[in-house]
Amino acid sequence: MPAHVVKYEYNDGVKLRVPEVWCGREIKYPSWLFQDAQHAALAAGGSIQPCKACIKAIIKQLEQEL
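Keep in mind that this is a model prediction, so the values were computed, not measured.

Engineer: How would you summarise the overall build of the protein if you had to cite specific residues and measurements?
Structural biologist: The number of helices and strands found in the protein is 2 helices and 3 strands. For the protein, the N- to C-terminal ordering of α and β elements is β-β-β-α-α. Taken over the C-alpha atoms alone, the protein extends approximately 30 × 30 × 20 Å along its principal axes. Per-residue burial over the protein gives 23% buried out of 66 residues. For the protein, the share of sequence-separated contacts (at least 6 apart) that also reach a separation of at least 24 residues comes to 47%. Accessible surface, the protein: about 5,200 Å² in total, of which carbon and sulfur atoms supply 55%.

This is the structure we're talking about:
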């Protein structure tokens, strides 16, 4: 099962009960989340695979910012 990448864990200083993930899926108390894109990228060759939809959304956002 792929691990999702957290987009937001806090909103205006308030901790969100369920973190928002890049792929937009609603998740409830996941067993594993990558806290940022850098950790997801580092783990890409490891045993825990990042969610491909999350990675695509991150790449799309980065391309828009360039």
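Engineer: Please provide a residue-by-residue account of the environment of asparagine 11, values included.
Structural biologist: Here asparagine 11 is to be found in strand S1 (residues 4-11). Residues asparagine 11 and alanine 43, 32 residues apart in the sequence, show an inter-C-alpha distance of 26 Å.

Engineer: Lay out the nonpolar core in plain terms, naming residues and giving numbers.
Structural biologist: One recurring pattern in soluble globular proteins: nonpolar side chains tend to sit buried together. In terms of nonpolar packing, the biggest core is built from 12 residues, these being Ala3, Val5, Val6, Val21, Ile27, Leu33, Phe34, Ala40, Ala43, Cys51, Cys54 and Ile58. Excluding residues within four positions of it along the chain, cysteine 51 makes contact with Pro2, Ala3, His4, Cys23 and Arg25.

Engineer: Break down unusual backbone geometry for me, with residues and values.
Structural biologist: For aspartate 12, which is not glycine, the phi dihedral falls at a positive 55 degrees. Assignment of secondary structure puts aspartate 12 in the loop between S1 and strand S2 (14-21). Here aspartate 12 falls in the exposed class, since its relative accessible area comes to 76%.

Engineer: Could you give an account of the pairing of S1, with specific residues and numbers?
Structural biologist: The pairing of S1 with strand S3 (residues 33-34) spans 2 bridges and is classified as parallel. Across the sheet, the residue bridging to histidine 4 is leucine 33, located in S3. Note that S1 and S2 share 4 bridges and pair antiparallel. Residue pairing across strands places tyrosine 8 opposite glutamate 20, the latter belonging to S2. Linkage of S1 to S2, two consecutive antiparallel strands, is achieved through a turn of 2 residues, within which aspartate 12 is found at a positive phi near 55 degrees.

Engineer: Before we move on, can you summarise the sheet that holds S3 with the specific residues and values?
Structural biologist: Taken in spatial order, the 3 strands line up as S2-S1-S3 in an open sheet, and their pairing is mixed. The sheet is open, and its two borders are formed by S2 and S3, each paired with just one other strand.

Cut-off values and rules
Residues numbered from 1 in each chain as written. Predicted model: local features only at pLDDT ≥ 70, side-chain atom pairs only at ≥ 80, totals over all residues. Heavy atoms only, no water. Helix = DSSP H or I, 4+ residues; strand = E, 2+ residues; numbered from the N terminus. Buried < 20%, exposed > 50% of the residue type's maximum accessible area, 1.4 Å probe, protein only. Contact = heavy atoms within 4.5 Å. Areas by Shrake-Rupley, 256 points an atom, 1.4 Å probe, with all protein chains shown as cover. Core = buried A, V, L, I, M, F, W, Y, C linked by side-chain atoms within 4.5 Å. Pairing = 2+ DSSP bridges.

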